[in-house]
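Chain residues, written in single-letter form:
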Amino acid sequence: MTRVLHRSIAHDYPTAISGNGITIRDQNGKDYIDASGGAAVSCLGHSHPDVLNAMRQQLDMLEYAHTSFFTTQAAEELADDLVAHAPDGISHVFYVSGGSEAIEAALKLARQYFVEIGEPQRKYLVARRQSYHGITAGALAVGGRAWQRKAFAPLLIETHHVSPVYEYRERRADETAEAYGDRLAQELEAKINELGGEHVMAFVAEPVVGATLGAVPAVPGYFKRVREICDRHGILLILDEVMCGMGRTGTLYACEHDGIAPDLIAIAKGLGGGFAPIGALLLHGKVFKAVAEGSGAFQHSHTYTGHPLACSAALAVQRVIRRDNLLDNVGKQGAYFARRLQERFGNHPFVGDVRGRGLFQGLELVTDRGTKEPFDPALKLHAKIKREAMARGLMVYPMGGTVDSLRGDHVLLAPPFIVDNRAVDTIVERLGDAIDAATAAK
Ligand SMILES: Cc1ncc(COP(=O)(O)O)c(C=O)c1O
């Protein structure tokens, strides 16, 4: 009997014993290809020797020093590295241990920024439906997954939600992608005007929506319009790149593709690649300046902030990605992956859409490609696909509630940046078999 409160209490989890490259081995010696990087975490695969060596060296030097007493070389070097490659205007890094913490820090820093600059009336947050920003109270409040918020609603801070960019279902047939993006930007501005622009603090969005929609990028021009709107109203733009950032889509930051730079960026997952729990909030120079010239300290900290072992792991991960030109491989293999997925699922009777960018791809399941009718949620098709994939030695990240938080199923794919054509072919083949088996009874 297990004493661990597992994610799903009734589920019997295999025990992961070892990892090597793109595979994880369980206690029975069965290998699983990690085609989702867990949850878009393991960007270098498992047990990368250079990262393990860097971590060992750090442990030989120092395992921990509390940040109210000391800084460390690992924390300083990682911050220099992150700022050097960050979007325009980013000047500083605040360390945390994961994605939800990065979002919490973003929300509080946004609020503190406005208090520091003499605009304390700004208190509203605007975010998007069908987004995931984390599980802690603030992150859950800005997240747009209705079922997950429901039980905790009385505990959540006030957040206002607008439509996500969800071209497959919500772009009208008579609308170009640009016109659709304009319509959504207008909806955002209307919401801001309704709340009173001078009362809004921040807009929060994932540049490519991960867990809730299944690798859905924005349409061209959308984020440029969002940036203009935020600037016009003096609102901070917080981008959640916890899942889509750090190279996953082929550029280090997903927002590079949209040609904009935010005021605050949350990163985690691929930052440390699973070698250690680490996340970070990257802040624009103007935010740093307001705090530095105001109260002099961000009123927020954690015991494990800037943990040297986590920072050394993340620094090693980022250096390997650059040294081995892995973003080129994400672009190249991402294009190959997208092509292979199209070939296998482009005419599949139960796959309505294949989308994504780089090694961040998603499939949406439908009962009818013409009407786009989702499967009955009671069937839990996403869970069936996961089971069938695991049985075939394949890890993918399926999820339900794609359409409106209740209906719809998708499969999220996020293999390590080290995949080659052969690995991609095997992933597509096993996934095809798993989806065929899961939908066979339909
Ligand atoms: C976009 C996004 N933001 C935030 C989070 C929360 O990160 P964590 O689970 O590390 O707290 C996630 C996790 O899946 C995520 O995908």
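The preceding data block contains the structure.
Parameters and conventions
- Residues numbered from 1 in each chain as written.
- Predicted model: local features only at pLDDT ≥ 70, side-chain atom pairs only at ≥ 80, totals over all residues.
- Heavy atoms only, no water.
- Helix = DSSP H or I, 4+ residues; strand = E, 2+ residues; numbered from the N terminus.
- Rg over C-alpha atoms; globule rule 2.2 N^0.38 Å.
- Buried < 20%, exposed > 50% of the residue type's maximum accessible area, 1.4 Å probe, protein only.
- Contact = heavy atoms within 4.5 Å.
- Areas by Shrake-Rupley, 256 points an atom, 1.4 Å probe, with all protein chains shown as cover.
- Lys, Arg positive; Asp, Glu negative; His and termini not counted.
- Charge placed at Lys NZ, Arg CZ, Asp CG, Glu CD.
- Salt bridge = Lys/Arg side-chain N within 4 Å of Asp/Glu carboxyl O.
- Near = heavy atom within 4 Å.
- Polar contact = N/O pair within 3.5 Å; in protein donor to acceptor, adjacent residues only side chain to side chain.
- Expected span 1.5 Å × (residues − 1).
- Arc of directions from axis to C-beta.
- Phe/Tyr/Trp six-rings, centres within 6.5 Å; stacked < 30°, edge-to-face > 60°.
- Lys NZ or Arg CZ within 6 Å of the ring centre and 35° of its normal.

*Asks:* Break down the overall build of the chain for me, with residues and values.
*Replies:* When helices and strands are counted, the chain shows 15 helices and 17 strands. The globule rule puts the C-alpha radius of gyration for 442 residues at 22 Å, and the 21 Å found for the chain is close to it. Here the C-alpha coordinates of the chain stretch approximately 60 × 60 × 45 Å along the principal axes. With 442 residues in all, the chain has 55% of them scored as buried. Restricting to contacts in the chain with at least 6 residues of sequence separation, those with at least 24 account for 73%. Accessible area of the chain: about 18900 Å², with a carbon and sulfur share of 52%. The chain carries 47 positive and 52 negative side-chain charges, and their two centres are separated by 5 Å.

*Asks:* A description of the pattern of salt bridges should follow, citing residues and the corresponding values.
*Replies:* A full pass over the atoms with the stated rule returns 27 salt bridges. In this structure, Arg-25 engages Asp-31 in a salt bridge whose closest nitrogen and oxygen atoms are separated by 2.7 Å. Taking the relative accessible area as the measure of exposure, Arg-25 reaches 39% and is therefore partly exposed. With a closest N to O distance of 3.5 Å, Lys-286 and Asp-263 form a salt bridge. Remark: Asp-263 occurs in the loop between helix H10 (255–258) and strand E11 (264–267) and Lys-286 occurs in helix H11 (residues 285–292); sequence separation between them is 23 residues. Classification of Asp-263 by relative accessible area gives buried; the value is 2%. If you follow the salt bridges from partner to partner, you end up with Arg-169, Asp-353, Arg-355 and Glu-364 in one network.

*Asks:* An account of the site of the ligand is needed here, citing residue identities and associated values.
*Replies:* Every residue near the ligand is listed here: Gly-98, Gly-99, Ser-100, Tyr-132, His-133, Gly-134, Glu-206, Asp-240, Val-242, Met-243 and Lys-269. Contact between the ligand and Lys-269: an oxygen atom at 2.9 Å from a side-chain N or O atom of the residue. Considering the ligand on its own, with 390 Å² of exposed area, one finds that the protein chains cover 82% of that surface.

*Asks:* Explain the environment of Val-96 to me, using residue names and the numbers behind them.
*Replies:* Structurally, Val-96 can be placed in strand E4 (residues 90–96). Considered as a pair, Val-96 and Gly-221 are 125 residues apart in the sequence and their alpha carbons are 32 Å apart. Apart from the residues lying within four places of it in its own chain, the contact partners of Val-96 are Glu-101, Ala-102, Ile-278, Gly-279, Ala-280, His-302 and Thr-305.

*Asks:* So, helix H3 (residues 73–84): which residues are in play, and what are the values?
*Replies:* An α-helix turns once per 3.6 residues; consequently, residues spaced three or four apart project the same way. In a regular helix each residue adds 1.5 Å, so 12 residues correspond to 16 Å; H3 covers 16 Å between its end C-alpha atoms and thus fits that length. Considered for burial, the residues of H3 that qualify are Ala-74, Ala-75, Leu-78, Ala-79, Asp-81 and Leu-82. The buried residues of H3 all sit within an arc of 165 degrees when viewed along its axis, so they share a single face. For H3, exposure combined with an orientation more than 90 degrees from the buried face picks out Gln-73, Asp-80 and Ala-84.

*Asks:* Give a detailed account of the packing of aromatic side chains, specifying residues and quantitative values.
*Replies:* Tallying each qualifying case throughout the model produces five aromatic pairs. Between the aromatic rings of Tyr-64 and Tyr-304, the centroid separation amounts to 5.9 Å while the plane-to-plane angle is 70 degrees, which identifies the pairing as edge-to-face. Residue Tyr-64 is located in the loop between helix H2 (49–61) and H3, and its partner Tyr-304 is located in the loop between H11 and helix H12 (308–323); the two are separated by 240 residues in the primary sequence. Taking the centre distance of 5.7 Å and the plane angle of 65 degrees together, the rings of Phe-350 and Phe-375 count as edge-to-face. Pair noted here: Phe-350 is in the loop between helix H13 (326–345) and strand E13 (351–357) and Phe-375 is in the loop between strand E14 (360–365) and helix H14 (381–391), with a separation of 25 residues, a long-range link. By the burial criterion, Phe-350 is buried, and Phe-375 matches it. Lys-372 extends its terminal NZ or CZ atom over the ring of Tyr-168, reaching a point 4.4 Å from the ring centre.

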